[in-house]
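# Inside the fold
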Amino acid sequence: MKFITLSLVLLILSGLYDHVSAQDYKLAMGLRLSTSPPTLSNSVSIKYFLDETNAVEGLIGWGTRFGLGALYERHQLIGATPSLNWFYGGGGCVGFQDGKTWLGPTGIVGMDYKFPNAPVNLSLDWKPELDILPDINFVPGAFAVSIRYTFGRTPVK
């Protein structure tokens, strides 16, 4: 737990020095793979950049329950590496299993890397969920790796 806390603090501090981000893609689609049991553990991920720092991500999850989720994310450079960003954000999700419906907010924090010479994006994230329906339940262990195919480039300002 100390490692996770230290990593998050370092990501936040590094983000304070680089407020401008230059994403190398506009749209990315792929898979998010996790070993956790939340609504949006394993899912199809579609990320779209509204501008160079703001993105929306849609998730269609499968596993023990079917789920849909949407996140708003802010991206910032990590150091001087143009293709390496950290991001944070929040949104919500809804899941369905055995005639029950799960509903609640979710947050996200992670790192995002776009390979410079290939249309491939990798990200590592932590996405805890708070179920408020049918019962209140916090799911903190939601770590995942995403691999996506990228389309287009964002214009550099």
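Refer to the structure presented above.
Residues numbered from 1 in each chain as written. Predicted model: local features only at pLDDT ≥ 70, side-chain atom pairs only at ≥ 80, totals over all residues. Heavy atoms only, no water.

Tallied over the full model, the rule gives five aromatic pairs. Sitting over the face of the ring of Phe87, Lys47 holds its NZ or CZ atom 4.3 Å from the ring centroid. Taking the ring centre of Trp102 as reference, the NZ or CZ of Arg65 above it sits at 3.8 Å. (Phe/Tyr/Trp six-rings, centres within 6.5 Å; stacked < 30°, edge-to-face > 60°. Lys NZ or Arg CZ within 6 Å of the ring centre and 35° of its normal.)

Bridge analysis of strand E5 (residues 81-97) against strand E6 (residues 100-114) gives 14 bridges, and the strand direction is antiparallel. By the bridge assignment for E6, Cys93 is matched with Gly104. Between the antiparallel neighbours E5 and E6 lie two residues, among them Asp98 with a positive phi of about 50 degrees. Where E6 and strand E7 (residues 120-126) come together, six bridges link them in antiparallel fashion. Looking at E7, one finds that Val109 is bridged to Trp126. Hairpin connection between E6 and E7: a loop of five residues separates the two successive antiparallel strands. (Pairing = 2+ DSSP bridges. Helix = DSSP H or I, 4+ residues; strand = E, 2+ residues; numbered from the N terminus.)

In total, this model carries seven salt bridges according to the counting rule given. A salt bridge links Asp112 to Lys47; its shortest N-O distance comes to 3.7 Å. Of this pair, Asp112 sits in strand E6 while Lys47 sits in strand E2 (residues 42-49), and the two are 65 residues apart along the sequence. For the pair formed by Asp112 and Lys47, the shared burial category is buried. (Salt bridge = Lys/Arg side-chain N within 4 Å of Asp/Glu carboxyl O. Buried < 20%, exposed > 50% of the residue type's maximum accessible area, 1.4 Å probe, protein only.)

Given the relative accessible area of 0%, Lys47 is considered buried. Once the C-alpha coordinates of Lys47 and Lys26 are considered, the two residues, 21 residues apart in sequence, prove to be 8.2 Å apart. Setting aside chain neighbours within four positions, we find Lys47 in contact with Tyr25, Lys26, Leu27, Ala28, Ala55, Val56, Glu57, Glu73, His75, Phe87, Asp112 and Arg148. One polar contact links Lys47 to Glu73, side chain to side chain, over a distance of 2.9 Å. (Contact = heavy atoms within 4.5 Å. Polar contact = N/O pair within 3.5 Å; in protein donor to acceptor, adjacent residues only side chain to side chain.)

Relative to E5, strand E4 (residues 66-78) runs antiparallel, the two being bridged by 13 bridges. Counted as the bridge partner of Leu71 is Gly91 from E5. The loop that links E4 with its antiparallel partner E5 comprises two residues; one of these, Gly79, has a positive phi angle of about 60 degrees.

The next subject is the nonpolar core. Taken as a class, soluble globular proteins show a tendency for nonpolar side chains to be buried jointly. Leu40, Leu59, Leu71, Phe87, Cys93 and Ile108 form the largest nonpolar core, which has six residues in total. Those residues within four positions of Leu71 in sequence are excluded, and the remaining contacts are Ala55, Val56, Glu57, Leu59, Gly90, Gly91, Thr106, Ile108 and Lys127. (Core = buried A, V, L, I, M, F, W, Y, C linked by side-chain atoms within 4.5 Å.)

Read these as layout, nothing more, since geometry by itself doesn't imply function.
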